Amino acid sequence: MFSKILIANRGEIAVRIIKTCRRMGIQTVQVYSEADAGSLAVEMADEAVLIGPAPTAQSYLLADKIVEAVRQTGAQAVHPGFGFLSENAGFARRLRDEGIAFIGPNPEAIEAMGDKISSKKLAAEAGVSTVPGHMGLIETPEEAVRIANEIGYPIMIKASAGGGGKGIRVAHSDADMAEGFAAVKAEALNAFGDDRVFLEKFIVDPRHIEIQVLGDKHGHVVHLFERECSIQRRNQKVIEEAPSPLLDEATRAAMGAQAVALAQAVNYDSAGTVEFVAGQDKSFYFLEMNTRLQVEHPVTELITGVDLVEQMIRSAWGETLAFKQDDLKIDGWAIESRIYAEDPYRGFLPSIGRLVRYEQPEEGDQGDYTVRNDSGVREGDEISMFYDPMIAKLCAWGETREAAVEGMARALEDTHLAGLGHNVPFLAAVMDQDRFRSGELSTSYIKDEFPDGFNGLHPTVEQQRILIASALAMHEVIAEQDGDPSDRTDWIVMIDKTPHGVGLSYDEDEEMILTLTGGGDIRLSDIDWRPGLAQFKAELDGEPFTAEVRRVADGFDIRHRAAKARVRVLRPHVAELYARLPEKVAADTSKMVLSPMPGLVVSIPVTVGQEVKTGETVAIIEAMKMQNILKAERDGVVKAVGAKDGDPVAADDVLVEFG
């Protein structure tokens, strides 16, 4: 077995690989950019080698630097993780020529399946169902429009070398196609160094289901069942689960057999994923093959008990698979939520900065569910604009899907982040939705369920009880600490501007009893909070919960899952005064185009005095390797332009102002 492995990646996947290597007794070398010098992966690895500045094109994408680090440290193999050089056949071939093991598939398999155009042709030859489309390369927007009309809209525009949700657009018209084609080519060149683009029919109301395959160098290939990844935003997976609530045993077996046949056709010899787009009727079509470890691999590990990173290492060493297809079984259900540094209340725009607070849920067996949290950052780390904004992959396993969903909801409650925007409230909202719990999913789920964007959810009756109890308990703790306890037994607890009358008493065990004016008692016990803590933990009528809390001048900001509110504990006569306060009027920004995120200006194709029509592009901002096109929301004349091409901008900077 290898004695030393170099990890040609960063962040949580690097940490994930290090953990398996430690368990196997293998030393690790972590390469890093200047931006990652203080990272968790660098701290955990046995050795670390600086390979360049922060931009990926000057560090993690430089094969010469990786090979030099291997020679410098005496590593015998390279694990590429996912992204960066993981699906670069030239890199894998170079390592082989240099006598360095590549912990991934052979370069011929990467070449055959890593290119989305050639992989579809091979899939068709192997008898795998494929989506209608145009597999030839397309050079110009005019050619793309012509082909799109032949296939029929809607059309998916995809970068041939794409992955990770980058280099993808859906076009519904000729105008969409022309603009989207140019954007995809630019994103692809920037992210992958390859601007080839192809088109395929977009399946309406589809589901995204993928099969995990695993092969060795002796011709053996098995599949480890499916994952459903239909909850997506901007073609980026957000929530994944295994198995899929759609599939029956017959469909699962058919998809698995096709995935294995395709892998065998290219002599696949590592971990890989065959992705399918599935109809609600369980029909399925080959989408692409990812010749690497997937981001969402933990859910497969949780339901099969197989460590995929370990199996990749063993395969690269030349070992035969230790199990056959019949040895693999599905045990329970697992769900993964990708926690991103992005603000769901601002259209999920990237949020960069320092992670001031990061409290993670306890991992391991929690009774009815099990928690796993794959994270590559710690409290105090910085989320950089140069890399993917993922903070963690939070996973929950349960014996049933219902148990896994509820376990995930509780694990999200126990996650607290501060210092930047994050999508935990959104993830919690999905877990609480009836549609998600029913398993009725599609890749348009987020657009369908949140057509006007995400603004949180209104508190349920149960959540109102949680907000009331938490606020009153904190109020009492603060009063006691300040030496000013009140013997008052009647309060008005205002959730935003809605009053709730509450009677307060204590039982013989000093547990709080709250009697609501509307009827019913609340028993609050096992309170775990003191001033300064950002999480309030307790049991409400015997059920544990965690709320995120922040003390403000006139009360508390409290969030439970996706419901958040300003909550005040007031005497009755004071509550009457609050009810009369006027609403604050927001500043008028209707004549301005603001930067929705920190990033770099790619272009501002308008000038002062120019007449602009509704829907015309007025700015393109790049952040986290994604281009964001900003369009005019109404007709107008440009009064001022606040930035120029190449300028760095912050969130809410004025880019264009109309007269």
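The structure we're discussing is the one just above.
Residues numbered from 1 in each chain as written. Predicted model: local features only at pLDDT ≥ 70, side-chain atom pairs only at ≥ 80, totals over all residues. Heavy atoms only, no water.

Novice: Could you clarify how one ought to interpret the overall build of the protein chain in this entry?
Specialist: Counting secondary structure elements, the protein chain contains 17 helices and 40 strands. For 659 residues, the compact-globule estimate of 2.2 N^0.38 gives 26 Å, and the C-alpha radius of gyration of the protein chain, at 27 Å, lies within 12% of that figure. In terms of overall dimensions, the protein chain has a C-alpha envelope of 80 × 65 × 50 Å along the principal axes. Burial analysis of the protein chain (659 residues in total) assigns 57% to the buried set. Excluding contacts between residues fewer than 6 apart, the proportion of contacts in the protein chain whose partners are at least 24 apart in sequence is 64%. The average position of the 68 basic charges and that of the 106 acidic charges among the side chains of the protein chain differ by 4 Å. (Helix = DSSP H or I, 4+ residues; strand = E, 2+ residues; numbered from the N terminus. Rg over C-alpha atoms; globule rule 2.2 N^0.38 Å. Buried < 20%, exposed > 50% of the residue type's maximum accessible area, 1.4 Å probe, protein only. Contact = heavy atoms within 4.5 Å. Lys, Arg positive; Asp, Glu negative; His and termini not counted. Charge placed at Lys NZ, Arg CZ, Asp CG, Glu CD.)

Novice: Explain the sheet that holds strand β2 (residues 27–33) here, please?
Specialist: Across a sheet, paired strands are connected by hydrogen bonds in the backbone, their directions being either parallel or antiparallel. Taken together, the five strands give an open sheet; going across it, the order is β3-β2-β1-β4-β5, and neighbouring strands pair in parallel fashion. Looking at the sheet topology across the chains shown, the edges are occupied by β3 (47–52) and β5 (101–102). The pairing of β2 with β3 spans five bridges and is classified as parallel. Bridge pairing in β3 places Gln30 opposite Ala48. (Pairing = 2+ DSSP bridges.)

Novice: Which parts of the structure should I look at to understand the pairing of strand β15 (residues 333–340)?
Specialist: For a regular strand, side-chain orientation follows a simple rule: the groups alternate between the two sheet faces. Taking burial as the measure, the eight residues of β15 include eight buried ones, the bulk of the element. Neither face of β15 is exposed, since Trp333, Ile335, Ser337 and Ile339 on one face and Ala334, Glu336, Arg338 and Tyr340 on the opposite face are all buried. Strand direction decides the pairing type here: strand β12 (residues 236–242) and β15, joined by four bridges, are antiparallel. Bridge pairing in β15 places Glu241 opposite Ile335. Looking at chain direction, β15 and strand β23 (residues 390–398) are connected through eight bridges and run antiparallel. Following the sheet pairing, Arg338 is matched in β23 by Lys393.

Novice: Help me understand the state of the cysteines in this model?
Specialist: Note: disulfide means a covalent bond formed between the sulfur atoms of two cysteine side chains. In total, this model carries zero disulfides according to the counting rule given. Unpaired in this structure, Cys229 has its nearest cysteine sulfur neighbour in Cys395, at a distance of 12 Å. Residue class for Cys229 comes out buried when judged on its relative accessible area of 0%. (Disulfide = S-S within 2.5 Å.)

Novice: Hey, could you run me through empty space enclosed by the protein in this one?
Specialist: Over the atoms, a rolling probe the size of a water molecule traces out where space has been left empty. Evaluated as defined, the whole model comprises two cavities of 30 Å³ or more. There is about 50 Å³ of room inside the second largest cavity. In terms of lining residues, the second largest cavity is bounded by Leu412, Glu413, Thr415, Gln535, Thr546, Ala547, Glu548, Arg559 and Arg561. Looking at the lining of the second largest cavity, the elements that each hand over two or more residues are α12 (401–413) and β30 (543–552). Considering every element that reaches the lining of the second largest cavity, the biggest residue donor is β30, with three residues. (1 Å grid on protein atoms, 1.4 Å probe; cavity = no way out; pocket = protein on both sides within 12 Å on 5 of 7 lines; lining within 4 Å. Points joined across faces, edges and corners; volume = space filled by probe spheres on them.)

Novice: Explain the side chain of Glu228 to me, please; I cannot follow it from the model alone.
Specialist: You can see Glu228 is positioned in strand β11 (residues 221–233). Among the polar contacts made by the side chain of Glu228, one reaches the side chain of Arg207 at a distance of 2.8 Å. Here the side chain of Glu228 touches Ser244 through a polar contact of 2.5 Å, side chain to side chain. (Polar contact = N/O pair within 3.5 Å; in protein donor to acceptor, adjacent residues only side chain to side chain.)

Novice: Would you take a moment to explain helix α5 (residues 107–114) for this structure?
Specialist: Turn by turn, an α-helix covers 3.6 residues, leaving residues three or four places apart pointing in a common direction. A large share of α5 lies buried, amounting to six of its eight residues. Among the residues making up α5, those that are buried are Pro107, Ala109, Ile110, Ala112, Met113 and Gly114.

Novice: What is the right way to look at helix α10 (residues 297–304) in this model?
Specialist: Most of α10 sits out of view: seven of its eight residues are buried. Those residues of α10 that sit buried are His297, Pro298, Val299, Thr300, Glu301, Ile303 and Thr304. Gly305 sits one or two positions beyond α10 and adopts a positive phi of about 75 degrees.

Novice: Explain the nonpolar core to me, please; I cannot follow it from the model alone.
Specialist: It is characteristic of soluble globular proteins that their nonpolar side chains tend to be buried jointly. Counting residues in each nonpolar core, the largest one holds 40 residues, and the members touching the most others are Ile239, Ile335, Ile391, Phe426, Met431 and Phe436. Going through the elements one at a time, β12, β15, β23, α12, α13 (424–432) and α15 (445–449) are the ones with two or more residues in this core. Examining the composition of this core, we find that seven residues originate from one element, α13, more than from any other. When near neighbours in sequence (up to four residues on either side) are disregarded, Ile239 contacts Glu228, Cys229, Ile231, Ile335, Glu336, Ser337, Leu427, Val430, Met431 and Phe436. (Core = buried A, V, L, I, M, F, W, Y, C linked by side-chain atoms within 4.5 Å.)

Novice: Just checking my understanding: could you explain the packing of helix α1 (residues 11–24) against helix α11 (residues 308–317) for this structure?
Specialist: For any two helices packed against each other, the geometry comes down to the angle between their axes and how far apart the axes lie. Where α1 meets α11, the closest approach of the two axes is 9 Å, and the angle between their N-to-C directions is 65 degrees. Taken together, α1 and α11 sit at an angle that is classed as roughly perpendicular. The handedness of the crossing between α1 and α11 is right-handed. Contacts between α1 and α11 pair Arg16, Ile17, Thr20, Cys21, Arg23 and Met24 from the former with Leu308, Val309, Glu310, Ile313 and Arg314 from the latter. Across the contact of α1 with α11, the residue classes tally to six nonpolar, one polar and four charged. (Axes fitted to C-alpha atoms, helices over the stretch in contact; angles between N-to-C directions. Parallel < 35°, antiparallel > 145°, perpendicular 65-115°, else oblique. Left-handed = near helix turned anticlockwise from the far one by under 90°. Nonpolar A, V, L, I, M, F, W, Y, C, P; charged D, E, K, R; others polar.)

Novice: Got a minute to help me understand the packing of aromatic side chains in this structure?
Specialist: Note on aromatic pairs: each is described by the distance of the centres and the angle between the planes. The tally for this structure, following the rule as stated, stands at twelve aromatic pairs. An aromatic cluster is built from Tyr345, Phe348, Phe426, Phe450 and Phe454, whose rings are joined through pairwise contacts. The lysine or arginine in question, Arg401, covers the ring of Phe436, its NZ or CZ lying 4.8 Å from the ring centre. In this structure, Lys564 is placed above the aromatic ring of Tyr345, and the distance from its NZ or CZ to the ring centre is 3.7 Å. (Phe/Tyr/Trp six-rings, centres within 6.5 Å; stacked < 30°, edge-to-face > 60°. Lys NZ or Arg CZ within 6 Å of the ring centre and 35° of its normal.)

Novice: Would you mind showing me how to read the pairing of strand β28 (residues 521–528) here?
Specialist: Bridge count between strand β27 (residues 512–516) and β28: four bridges; the pairing is antiparallel. What sits directly across from Leu514, in β28, is Ile522. Two successive antiparallel strands, β27 and β28, enclose a turn made up of four residues, where Gly519 displays a positive phi of approximately 115 degrees. Here β28 pairs with strand β29 (residues 535–540) via three bridges, running antiparallel.

Novice: Would you take a moment to explain the sheet that holds strand β40 (residues 654–658) for this structure?
Specialist: Pairing is antiparallel in the open sheet, where four strands are placed in the order β33-β40-β38-β35. The sheet is open, and its two borders are formed by β33 (592–594) and β35 (611–612), each paired with just one other strand. In this structure, β33 lies alongside β40, joined through three bridges in antiparallel fashion. Counterpart to Val593 in the pairing with β40 is Val656.

Novice: What am I meant to see in the environment of Arg488 here?
Specialist: With respect to the element layout, Arg488 can be found in the loop between α16 (461–481) and β25 (490–495). On the basis of relative accessibility, which here comes to 27%, the residue Arg488 falls in the partly exposed class. The spacing of Arg488 and Ser505 is 17 residues in sequence and 9.5 Å in space, taken between C-alpha atoms. In this structure, Arg488 is in contact with Arg571 and Pro572, ignoring residues within four places of it in sequence.

Novice: Honestly, the pattern of salt bridges in this entry has me stumped. Any pointers?
Specialist: A side chain of one charge can pair with a side chain of the opposite charge when the charged atoms of the two come close. Across all of its chains, the model carries 63 salt bridges by this definition. Between Asp307 and Arg16 there is a salt bridge, with its nearest N and O atoms 2.9 Å apart. Highlighted residues: Asp307 in the loop between α10 and α11 and Arg16 in helix α1, separated in sequence by 291 residues. The class for Arg16 is buried, based on a relative accessible area of 7%. (Salt bridge = Lys/Arg side-chain N within 4 Å of Asp/Glu carboxyl O.)

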